Amino acid sequence: MGNTSSMLTQYDIEEVQQHCNKAFSQQEIVSLYERFCQLDRNGGGFVSAEEFLSVPEFAVNPLSLRLLRMVDGLNFKEFVAFLSAFSPRATLLQKIEFIFKVYDSDGNGKVTFNDMLDVLHDLTGQFISENQRKQVLTQVLGEAGYTKESLLVLSDFVKILGSSGFKMEVEVPVD
């Protein structure tokens, strides 16, 4: 499975399916493998951040720079695990864990006011001022029972987002 020129065996497919908690069907995994091989231009078995940027939808995403830190150097199994958060079959907890990782850019397990402000800046760009972003974020945190000084951990994200009913999905084309 490390060499992208090889074909996936049934064992490989089942192993990847287990690794991503069955977020994708076997047919979807085969389609993802074909896409992975297209992205892995040098055939090394890993996809670089630069190769990921060749996906137009990824390149124009306002969070692409944050996401690139999460995807640089992924092998196929890790690639599927990364995408599994976007599967309609992914659990709410899997989706929240993914979102938490986007906010926790230094990987220390804690999200600060400034971490959230940075993401908000990435999402809004120049459309709203820094002061407006701070006011909105302070208000949202306050409504959820937190302050600017709060350090949010994964369980806080689960508490805040767990009942929100949000969706995070990507369509995997299956031939």
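Residues numbered from 1 in each chain as written. Predicted model: local features only at pLDDT ≥ 70, side-chain atom pairs only at ≥ 80, totals over all residues. Heavy atoms only, no water.

A. Spotlight on the pattern of salt bridges. On inspection of all chains with the given rule, the structure shows four salt bridges. Two residues, Lys77 and Glu15, come together in a salt bridge whose shortest N-O distance is 2.8 Å. Here the residue Lys77 occupies a position in helix α6 (residues 76–84), and Glu15 occupies one in helix α1 (residues 10–19), the gap between them amounting to 62 residues. Overall, the relative accessible area of 26% leaves Glu15 in the partly exposed class. Of the charged contacts, one joins Glu130 and Arg133 as a salt bridge, the two residues approaching to 3.0 Å between their closest N and O atoms. In this pair, Glu130 and Arg133 are both assigned in helix α9 (residues 130–143), three residues apart and thus about one turn of the helix distant. Residue classification places Glu130 among the partly exposed positions, given a relative accessible area of 36%. (Salt bridge = Lys/Arg side-chain N within 4 Å of Asp/Glu carboxyl O. Helix = DSSP H or I, 4+ residues; strand = E, 2+ residues; numbered from the N terminus. Buried < 20%, exposed > 50% of the residue type's maximum accessible area, 1.4 Å probe, protein only.)

B. Here's a closer look at the packing of helix α2 (residues 26–39) against α6. Axis separation between α2 and α6 bottoms out at 10 Å; the angle between their running directions is 115 degrees. As α2 packs across α6, the resulting crossing turns out to be right-handed. Residues Ile29, Leu32, Tyr33, Phe36 and Leu39 of α2 form the contact with α6, whose participating residues are Phe76, Phe79, Val80 and Leu83. Its residues assigned to classes, the contact of α2 with α6 comprises nine nonpolar, no polar and no charged. (Axes fitted to C-alpha atoms, helices over the stretch in contact; angles between N-to-C directions. Left-handed = near helix turned anticlockwise from the far one by under 90°. Contact = heavy atoms within 4.5 Å. Nonpolar A, V, L, I, M, F, W, Y, C, P; charged D, E, K, R; others polar.)

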